[in-house]
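Structure assessment
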Amino acid sequence: MTKPRILLVATGGTIASAEDGNGLTPQLTGEQLAGYVPQAAELADIDIVQPMNIDSTNMRPADWQAIGDAILARYEDYDGFVVLHGTDTMAYTAAALSYLIQDSPRPIVLTGSQQPMGSPFTDARINLYQSVLYAADPASHDVAVVFGGKVVAGTRARKQRTMSFNAFTSVNYPELALIRNDRIIRTAPAGTGAMANGARKDLEPRVYHDLDERVFVLKLTPEVNPSVFELLRRDYDAIILETFGIGGIPDTLHDAIFSWVDSGRTLVVTTQVPEEGLDLGVYEVGRAYAEHPGILKGADMTCEALVAKTMWALGQTHDPKRLRELFYEPINCDRLPEA
């Protein structure tokens, strides 16, 4: 029986790090990392590319595009892809790849570790092994994070813990699967769009290359000055506004917000509360913003997915009507369809 072909895309992160006297820094190559887990080669024929070797703190939208390009350049040659990545910004990259390579019939898995591969108590080996296991399974598809025995949709992942091995959680959506030893236990719906009924290996993904990086996240705090919107005008096309609670926005920001959107810029409204999402219609302090055509509602999406989706949508169009259509289209389980 022919083994699946998996491409390992090494990008750096803690998994590749070693101590150099000034703190941990990425040093190991993809080949060295794979060498620590020879059992993965029993699951699949593995090839390796290394577009970068950086701390994920330094990961930028241009790097998301470089990772996507590395996958797309070899897309027809492999059955699945495993991206080795630092944990700190992994959720952003997973979300970005979900929008750059949509409805992928071949799985694109991101993983990393809380301890370096060379540490005697590392979680890196099991995460790499289980990621290859999941990527090699014919039922897997789309972008996902595999970490700590859990499989999370690429648009729903969030790093919840800074040190524990169960670092990632799935926000407002069920985990796609659990992995126990060599067994994948699928627990959630198969996905959205072309993948809604399971993987279709005969289909081609929808591919995009353009992102608008001029997106800023503004977290409300008591007594935030409305002038912040004016200060951001020069450098940003969109603000993702993290409101209080289910959608509370102080009255003092009313004029600044409408000035921002009426100038042709984009405002995405979400909540800074981690779970259960936004509803601007509940309280008077949010209802004024509920129906303005220039204000997009983040619903139950993660902030990481909102950043990536807004960059992607603005990368395709600045036409308000088309922008709303792209933003509200469910992609890789990122939001529930509008009722």
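The present account deals with the structure reproduced in this document. (Residues numbered from 1 in each chain as written. Predicted model: local features only at pLDDT ≥ 70, side-chain atom pairs only at ≥ 80, totals over all residues. Heavy atoms only, no water.)

1. Considering the nonpolar core
Grouped together as the largest cluster of nonpolar side chains are 51 residues, with contacts concentrated most on I67, I71, Y99, I108, L110 and V145. With residues near it in sequence (within four places) discarded, V145 still touches M90, A94, L110, K150, V151, V152, A157 and F168. Counting 32 residues, the second largest nonpolar core, distinct from the first, contains I15, L33, A124 and L176. (Core = buried A, V, L, I, M, F, W, Y, C linked by side-chain atoms within 4.5 Å. Buried < 20%, exposed > 50% of the residue type's maximum accessible area, 1.4 Å probe, protein only. Contact = heavy atoms within 4.5 Å.)

2. Topic: helix α9 (residues 303–316)
Taking 1.5 Å as the rise per residue, α9 with 14 residues should run 20 Å; its terminal C-alpha atoms sit 20 Å apart, in good agreement. Most of α9 sits inside the fold, with 12 of its 14 residues counted as buried. For α9, the full list of buried residues reads C303, E304, A305, L306, V307, A308, K309, T310, M311, W312, A313 and L314. (Helix = DSSP H or I, 4+ residues; strand = E, 2+ residues; numbered from the N terminus. Expected span 1.5 Å × (residues − 1).)

3. Quick notes on the sheet that holds strand β15 (residues 215–219)
Remark on secondary structure: sheet strands pair via backbone hydrogen bonds, oriented parallel or antiparallel. Ordered by their spatial adjacency, 4 strands build an open sheet running β15-β16-β17-β18, and the pairing between neighbours is parallel. A strand with exactly one partner marks an edge of an open sheet, and here the two such strands are β15 and β18 (295–297). Direction aside, neighbouring strands of the sheet carry axes that sit 25° apart on average. Packed onto the sheet, α9 meets β15, β16 (238–243) and β17 (266–271) and runs at close to 160° relative to β16. (Pairing = 2+ DSSP bridges. Axes fitted to C-alpha atoms, helices over the stretch in contact; angles between N-to-C directions.)

4. Looking at the packing of helix α4 (residues 90–100) against α9
The relative placement of two packed helices is expressed as an angle between their axes plus a distance between the axes. Put simply, α4 and α9 touch, their axes get as near as 8 Å, and they point 40° apart. If you check the angle between α4 and α9, you find them oblique. Of the two possible hands of crossing, α4 and α9 adopt the one that is right-handed. Taking contact as the criterion, the partners of A91, Y92, A95, A96 and Y99 in α4 are, on α9, E304, A305, V307, A308, K309 and W312. Tallied by class, residues from the contact of α4 with α9 come to 9 nonpolar, no polar and 2 charged. (Parallel < 35°, antiparallel > 145°, perpendicular 65-115°, else oblique. Left-handed = near helix turned anticlockwise from the far one by under 90°. Nonpolar A, V, L, I, M, F, W, Y, C, P; charged D, E, K, R; others polar.)

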